[in-house]
Amino acid sequence: PIPVNWYGILIGLGIVLAYFLAQRESVRHGYDSEYIADLLIWAVPIAILSARIYYVTMKWDYYSQNPGRIIEIWNGGIAIHGALIGSFIVAYVFTKKRKTSFLHLADIAAPSILIGQIIGRWGNFVNQEAYGGPVSRTFLENLFLPNWVIEQMYIKEDGTYVHPTFLYESIGCLIIFIIIILVRNIKIIKTGQITAIYFMFYGVIRFLI
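What you see is a predicted model, and the numbers here were worked out from it, not measured in a lab. (Residues numbered from 1 in each chain as written. Predicted model: local features only at pLDDT ≥ 70, side-chain atom pairs only at ≥ 80, totals over all residues. Heavy atoms only, no water.)

**Student:** Honestly, the overall build of the chain in this entry has me stumped. Any pointers?
**Tutor:** When helices and strands are tallied, the chain shows 9 helices and 3 strands. For the chain, the succession of helices and strands along the chain, N to C, is α-α-α-α-α-β-α-α-β-β-α-α. The C-alpha radius of gyration computed for the chain amounts to 19 Å, which stays within 12% of the reference 17 Å derived for 209 residues, consistent with globular compactness. Considering only C-alpha atoms, the chain reaches an extent of 55 × 45 × 35 Å along its principal axes. The buried share of the chain, taken over its 209 residues, is 36%. Sequence-distant contacts in the chain: of pairs separated by 6 or more residues, those separated by 24 or more amount to 73%. For the chain, the accessible surface area stands at approximately 12600 Å², while carbon and sulfur atoms represent 67% of it. Each charge sign in the chain was given a centre, from 16 positive and 13 negative side chains, and these centres are 10 Å apart. (Helix = DSSP H or I, 4+ residues; strand = E, 2+ residues; numbered from the N terminus. Rg over C-alpha atoms; globule rule 2.2 N^0.38 Å. Buried < 20%, exposed > 50% of the residue type's maximum accessible area, 1.4 Å probe, protein only. Contact = heavy atoms within 4.5 Å. Areas by Shrake-Rupley, 256 points an atom, 1.4 Å probe, with all protein chains shown as cover. Lys, Arg positive; Asp, Glu negative; His and termini not counted. Charge placed at Lys NZ, Arg CZ, Asp CG, Glu CD.)

Okay, structure coming up:
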């Protein structure tokens, strides 16, 4: 009797995989095995809340006229930028209380955040949301996309095929993930530079998309 949506499943899967990756990496760097779990107890709910606050703020013209819908997160409306802001604030406070390095934790978490984004963007695909401008079916076929992806990129309300921007960002995050995995153990890389690589490359990808 309770509807279960693919978007929620994919977001949840992204969080779980991100946790296991970050937990394994944190132990490798000498942190306690419960360190990441203790962080996520606070970071995940606050990230979801801040993602909603960010979205509502960006759509304030609508929500100021419909305040009762601000809490209707089940009808969609969260933003990755808000989630990042919220989770980084939590991580900063967490590391100060634990007397550990915030930038070191951020470097450990960066690949995990990307894993969450890579998977989570497919929730946009399922929901037929966050897509780009109109394109022809031939354009999509020339990208060598499988037919089930092409068909999902047909928006009936608009009567047209659209750019699969969810896929562009998912692939872009995968590329950043690979870059970080390849360079993170190079000796010349200093604390905080992995986080900087994440923000620089992701910023460029988001701008282009």
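**Student:** Would you explain the pattern of salt bridges in this entry?
**Tutor:** When the charged atoms of two side chains with opposite charge come close together, those side chains can pair. If you walk through the whole model with that rule in mind, you get 7 salt bridges. In this structure, the salt-bridge partner of Arg184 is Glu25, at a minimum N-O distance of 3.5 Å. In this pair, Arg184 sits in the loop between helix H8 (165-183) and helix H9 (193-208) while Glu25 sits in helix H1 (residues 6-28), placing the two residues 159 residues apart along the sequence. A relative accessible area of 23% means that Arg184 is categorised as partly exposed. Through salt bridges with shared partners, one network takes in Glu25, Arg28 and Arg184. (Salt bridge = Lys/Arg side-chain N within 4 Å of Asp/Glu carboxyl O.)

**Student:** Sorry if this is basic, but what is going on with helix H5 (residues 102-127) here?
**Tutor:** A turn of α-helix holds 3.6 residues, and therefore any two residues three or four places apart point the same way. Between its first and last C-alpha, H5 extends 35 Å over 26 residues, near the 38 Å set by a 1.5 Å rise per residue. Regarding H5, its N-cap is Ser101, as a side-chain oxygen of that residue lies 3.1 Å from the backbone nitrogen of His104 further along. Note on H5: the residue one or two positions beyond its end, Gln128, has a positive phi of about 55°. (Expected span 1.5 Å × (residues − 1). Polar contact = N/O pair within 3.5 Å; in protein donor to acceptor, adjacent residues only side chain to side chain.)

**Student:** I tried to follow the packing of aromatic side chains on my own but got confused; where do I start?
**Tutor:** Ring pairs (aromatic) are described by centroid distance and by the angle formed between their planes. Enumeration according to the criterion identifies 16 aromatic pairs in this entry. Ring centres 6.2 Å apart and planes at 35° place the aromatic pair Trp122 and Trp148 in the tilted group. Here Trp148 lies in helix H7 (residues 147-152) and Trp122 lies in helix H5, a separation of 26 residues in the sequence. Given a relative accessible area of 53%, Trp148 falls into the exposed group. Grouping aromatic residues by their ring pairs yields a cluster made of Phe88, Tyr92, Phe102, Tyr198, Phe199 and Tyr202. (Phe/Tyr/Trp six-rings, centres within 6.5 Å; stacked < 30°, edge-to-face > 60°.)

**Student:** Help me out: how do you make sense of the sheet that holds strand E2 (residues 154-155) in this one?
**Tutor:** In a beta sheet, neighbouring strands are held together by backbone hydrogen bonds and run either parallel or antiparallel to one another. Read across the sheet, 3 strands follow the order E1-E3-E2 without closing on themselves; strand pairing throughout is antiparallel. In the strand order of this sheet, the two ends are held by strand E1 (134-135) and E2, each with one partner. Examined bridge by bridge, E2 and strand E3 (residues 160-162) share 2 bridges and lie antiparallel to one another. For Tyr154, the partnering residue across the bridge sits in E3 and is Tyr161. (Pairing = 2+ DSSP bridges.)

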